[in-house]
Amino acid sequence: MNQETKTYRKGEIPGIIAINARECKGCDACKRFCPTGAITGMFGTTHRVDVDRCISCGQCLINCPFGAPYETVDPVDEVAAKLADKHVTVVGIIAPAVRVAIGEPFGMPAGSLVTGKMYSAMKKAGFVILDNNFAADLTIMEEGTEFIQRARHALFGEKAEHGGGIGPLPQFTSCCPAWVRFVETNYPALIPNLSSAKSPQQMAGAVAKTYGAAQVFNVAPESVYTVGIMPCTAKKFEASRPEFQSAWHFTKEKGGSAPSAPYPDIDAVLTTRDLARLLKKMKINLAAENDAEGGTLFAEYTGAGTIFGNTGGVMEAALRTAWVVLTGTPLSKIEFTAVRGLKGVKSAAVTLRDRKYGKEVTVKVAVVHDIRANIRPIVEEVMAGRSPYHFIEVMNCPGGCINGGGQPVCDTGSSWIGRVLPSFAWS
Amino acid sequence: MTESSFILKHPLRVRVFHYLLAASFLTLAVTGIMLYFKLLAEPAMNTAMQVHVVAGVVLTMDALAFFFLAFDRVVLFTKRTFTFSGNDIKWFAVLGGYPQKILLHKKVDVPPMGKYNAGQKLFGICVLVGGTLLILSGWVLWALPHAVPHGAASMIGSIHLYASWVLILFLFVHLFLGIYMWDDFKAMFVDGRIPYEDAAEKAPLWVKNDLRRLG
Ligand code: SF4
Ligand code: SF4
Ligand code: SF4
């Protein structure tokens, strides 16, 4: 895209979403779903996306009644070409929310869980499977232990094990790239509150090109081509962020063969819709596939990774980790149901005993989804130093990634969570 | 009846309904065309859309008020427009004799008609069906575009578009013939009355079967 932008760094893709002027009816419906007010244009006129305010979440795309917004980045042909190249190991990194949505474009009922069929279809297409639930488990270990470190620092003055600073509380989750960009562009003072853990997609990419290349696929890192299979358009933006080239840096530092120009940890991102197009292009009918296993170490995962796609899932998984690390005992009941469900902001308090310090600690957590409707009061409280919470999970999309901007466009009505009241657009 | 007799063809409530219908529909047609062809700069387009919405609300209120306050008229109008006979086909065969009269200055035999001739009946049906579709689809597109299924939204958009094109095209014919039939035009916009001879010539079945002398 050839345009002057103010909020993007070199290499980042500005504006994953644009509006087709010919299709736009100027009905204003999209503005009701945009979390950042990035859609401009008066009622009755062609609308446009202000890329500097846009966080690439794709909510306008899945909610426009006339199909006017579109993705500016379409890697389907590139991925197809890589799959056809026998010298390239194409790793498909499958996010949790994709497996319950990809059946739809193949005529299966909405919500069908098709993990086995998806493994089979993707293997037939030539992918090696890396289930992103595996990487979500890694994220949880990182994010959970980082939280414990921050909490112990805040409560007991504990210092960082290897020196360096420790971030403040509350800790925000960082696995939603739309939320991360929202903080960067709207509340930069809160950047230190974001968890320093990468998202599962980015951990998966780095692992595939380092450990995976050396120990699992036995190929050179630069011949690994990583493809995020995501329910999310913002993941396309995330993959383009220049800090996510850690496999290249690692390989170079270890003296391995690395090309002079850095390569990204994630080479391409296919949304659920993109994957359906790719499979159809390759004449693979996912619905007709038999269930298959993932077939690699990277397809193993726990239940914590699985629930990442829903609002509350990251928090629940992190709390389970924190519980085990802090108390040293496994959880008798493995579910924190207080953070489940579709309420805009959910909160819970968990009291546990930190065995290291021999003290009871009450951890207050909040889970926020649909940031357009719910996030401002929460961040204003944090900015004012009045937040009661220690750990806050934030997901941009209403309901979490399950309703992400890369999912099949639901034809049974666009506002499945709230927003069914009439809007009388005017200006 | 004498030569100077007049017949009340359009009672006051019909005329008021028609004033508002004409004003709102013409406004909707003009602004709709501007919006469809994206003819103006952004603020002017927004104003056109606002005017379109206001005119749509007026049209809806007008239709609802007429439906509830003049239900007998609605029933009568519906009955008349949906009642057909062989004469209607014959009327269409000569197009009511209008092209011959207007273009060739010739008078041809026209089958006898009731209050509405076959062309007016067809226009009436379009107004009833098309108008209802336009009002309903317009409200969904304005107030609930985010809450209807995507397939339905684009279908509703198409219905709104095609129904409005049909009615706009008919409107030209309606306007032209309305002005051509000046007595009827005056009746609708002034006092509701047309001369007896005019009615007897253009709507003989109506005069014969439906009318009775008052006083
Ligand atoms: S919802 Fe779609 S058609 Fe309506 S203004 Fe937005 S982009 Fe245009
Ligand atoms: S992608 Fe998200 S942030 Fe960007 S314009 Fe659409 S709804 Fe707004
Ligand atoms: S909630 Fe999930 S799908 Fe939505 S922007 Fe965030 S990561 Fe993407």
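Per chain, residues are indexed from 1 in the order of the written sequence. Here every chain gets a letter starting at A, and every ligand a number starting at 1, in the order they are written. This being a predicted model, a pLDDT of at least 70 is required before a residue's local features are given, and a value of 80 or more before pairs of side-chain atoms are given or counted; all residues contribute to the totals for chains, interfaces and linings. The side-chain numbers reported here are obtained from all heavy atoms of the structure, hydrogens and water having been left aside.

Visitor: Hey, could you go over the interface of chain A and chain B for me, with residue numbers and the actual values?
Guide: It is common to report an interface's size as the accessible area lost on association of the parts. Throughout, a residue-residue contact means that at least one pair of heavy atoms, one from each residue, lies within 4.5 Å. On the chain B side, the residues contacting the 35 residues of chain A number 24 residues. Counting the surface lost from both chain A and chain B, the interface buries some 2,200 Å², and carbon and sulfur atoms represent 60% of this. It is Phe43(A), Pro65(A) and Trp426(A) that lose the most area in chain A upon contact with chain B, and together they represent 25% of the buried surface on that side. By salt bridge we mean one thing: a side-chain nitrogen of Lys or Arg within 4 Å of a carboxyl oxygen of Asp or Glu. Where chain A packs against chain B, one counts one salt bridge. In this structure, Glu42(B) engages Arg48(A) in a salt bridge whose closest nitrogen and oxygen atoms are separated by 3.3 Å. Distance and chemistry together define a polar contact, namely a pair of N or O atoms within 3.5 Å, with one atom able to donate a hydrogen and the other to accept it when in protein, and with adjacent residues in sequence counting only for side-chain atoms on both sides. Here chain A and chain B share 13 residue pairs in polar contact (both at pLDDT 80 or more) between them. Split by residue class, the side of chain A that touches chain B holds 19 nonpolar, eleven polar and five charged. Using a 1.4 Å probe, buried area is obtained as the accessible area two parts lose upon being combined, added over both of them. Each residue is assigned to one class: nonpolar for Ala, Val, Leu, Ile, Met, Phe, Trp, Tyr, Cys and Pro, charged for Asp, Glu, Lys and Arg, and polar for all the others, Gly among them.

Visitor: Explain the nonpolar core to me, and be specific about the residues and the numbers.
Guide: Counting residues in each nonpolar core, the largest one holds 74 residues, and the members touching the most others are Phe127(A), Trp179(A) and Ile229(A). Setting aside residues up to four positions removed in sequence, Phe127(A) forms contacts with Val79(A), Leu83(A), Val90(A), Val91(A), Gly92(A), Met122(A), Val227(A), Ile229(A), Leu270(A) and Leu278(A). Judged by nonpolar contacts, the second largest core, of 26 residues, contains Ile39(A), Val49(A), Val140(B) and Ala153(B). Joining through side-chain atoms within 4.5 Å is the link that ties buried Ala, Val, Leu, Ile, Met, Phe, Trp, Tyr and Cys residues into a set, and such a set is a nonpolar core. Throughout, exposure labels follow a simple rule: accessible area from a 1.4 Å probe, protein chains only, divided by the maximum for the residue type, with under 20% read as buried, over 50% as exposed, and the rest as partly exposed.

Visitor: Which residues make up the pattern of salt bridges, and what values do they have?
Guide: Should their charged atoms come close, side chains of opposite charge can pair. Residues and elements named next belong to chain A. Tallying each qualifying case throughout the model produces 27 salt bridges over all chains. The partner of Arg 273 in a salt bridge is Glu 71, and the shortest N-O contact between them spans 2.7 Å. Pair noted here: Arg 273 is in helix 9 (residues 272-281) and Glu 71 is in strand 4 (residues 69-71), with a separation of 202 residues, a long-range link. Note on Arg 273: relative accessible area 18%, which makes it buried. The closest approach of N and O atoms between Arg 99 and Asp 131, which form a salt bridge, is 2.8 Å. Of this pair, Arg 99 sits in the loop between strand 5 (89-94) and helix 3 (115-125) while Asp 131 sits in strand 6 (residues 128-131), and the two are 32 residues apart along the sequence. Neither Arg 99 nor Asp 131 differs from the other in exposure class; each is buried. Through salt bridges with shared partners, a single ionic network connects Glu 71, Asp 74, Lys 236, Arg 273, Asp 274 and Arg 277. The helix count covers DSSP runs of H or I at least four residues long, the strand count covers runs of E at least two residues long, and both are numbered beginning at the N terminus.

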